[in-house]
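# Structure at a glance
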Amino acid sequence: MTTTLPTNPQASVLPSLSLRRLRDMVVAGDPGCICDPELFTGPADIEPEDEPAGDRAARIAVAREVCASCPVRLACLAYTLRTRPAAGVWAGFTPEEIAALVAAANRPARPRRNSALRPASAEPARIAEVA
Ligand code: SF4
């Protein structure tokens, strides 16, 4: 019996899935990055540091556009946040952006201030509307 993988499950389910399952969901979604991997990783015939900055920026911008309309982007993002790739564009993010997302997610939450408990004098001054 074959199990059918949903390509668009609820986002809340994604973190609980195994990496293998996430990867299989991404591949089953036939994403654009499979057709044109060099758009996401850079030209195969040159070292990453040798790719001109302008070419790199343009390539990443186009890769982000492909990711923006990808039907399995959430599964890709869930996979990416756990694997933290060192190169390429994943779910529309560079490795540096992915690292920043992971760091922000792991940062302890600050307690919310309850404005109802603050004295009125603590409220910021309102800027008068100009008629
Ligand atoms: S979101 Fe981007 S990197 Fe991820 S599977 Fe889709 S096209 Fe590929």
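We now turn to the structure provided with this report. By convention here, each chain's residues receive numbers from 1 onward along its written sequence. With pLDDT at 70 or above as the cut-off, local features in this predicted model cover only qualifying residues; side-chain atom pairs require 80 or more to be listed or tallied, and sums for whole chains, interfaces and linings still use all residues.

## A closer look at the overall build of the chain
The way it works is that DSSP assigns letters per residue, a run of H or I at least four long becomes a helix, a run of E at least two long becomes a strand, and they are numbered from the N terminus. Scanning the chain from terminus to terminus reveals 6 helices and 0 strands. Reading the helices (α) and strands (β) of the chain from amino to carboxyl end gives α-α-α-α-α-α. Burial is judged by counting other C-beta atoms within 10 Å of a residue's own C-beta: 20 or more means buried, 12 or fewer means exposed, and anything between counts as partly exposed, with every C-beta placed from the backbone. Within the chain, buried positions represent 18% of all 131 residues. In the chain, 51% of the contacts between residues at least 6 apart in sequence involve partners at least 24 apart. This entry defines residue contacts through backbone-placed C-beta atoms, with two residues in contact when those atoms are within 7 Å.

## Brief notes about the site of the ligand
Of all residues adjacent to the ligand, which total 13 residues, the nearest are Pro31, Cys33, Cys67, Cys70 and Cys76. At the level of secondary structure, the elements contributing two or more residues to the shell around the ligand comprise helix H2 (32-35), helix H4 (53-68) and helix H5 (73-83). Classification used: nonpolar for Ala, Val, Leu, Ile, Met, Phe, Trp, Tyr, Cys and Pro, charged for Asp, Glu, Lys and Arg, polar for all others including Gly. Partitioning the shell around the ligand into residue classes produces 11 nonpolar, 1 polar and 1 charged. Here, nearness is defined through the C-beta atom: a residue counts as near a molecule or strand if that backbone-placed atom lies within 6 Å of it.

## A look at helix H1 (residues 19-28)
Regarding H1, the residues found buried are Leu22, Met25 and Val26. One side of H1 holds all its buried residues, which, seen down the axis, span an arc of 100°. Looking at the buried side of H1, the elements it contacts are H5. Phi turns positive one or two residues past the end of H1, at Asp30, with a value near 50°. This arc is taken over the directions from the axis of the helix to the C-beta atoms.

## Observations regarding the nonpolar core
For this entry, the nonpolar core is defined as buried Ala, Val, Leu, Ile, Met, Phe, Trp, Tyr and Cys residues connected by C-beta atoms within 7 Å. Counting residues in hydrophobic clusters, the biggest one holds 20 residues, and the most contacted among them are Val26, Ala75 and Cys76. Counting residues per element, the ones that place at least two in this core are H1, H4 and H5. Top element by residues in this core is H5. It accounts for 6 residues. Excluding anything up to four places from it in sequence, Val26 contacts Pro31, Val72, Ala75, Cys76 and Tyr79.

Without other data, these values stay purely geometric and don't point to any function.
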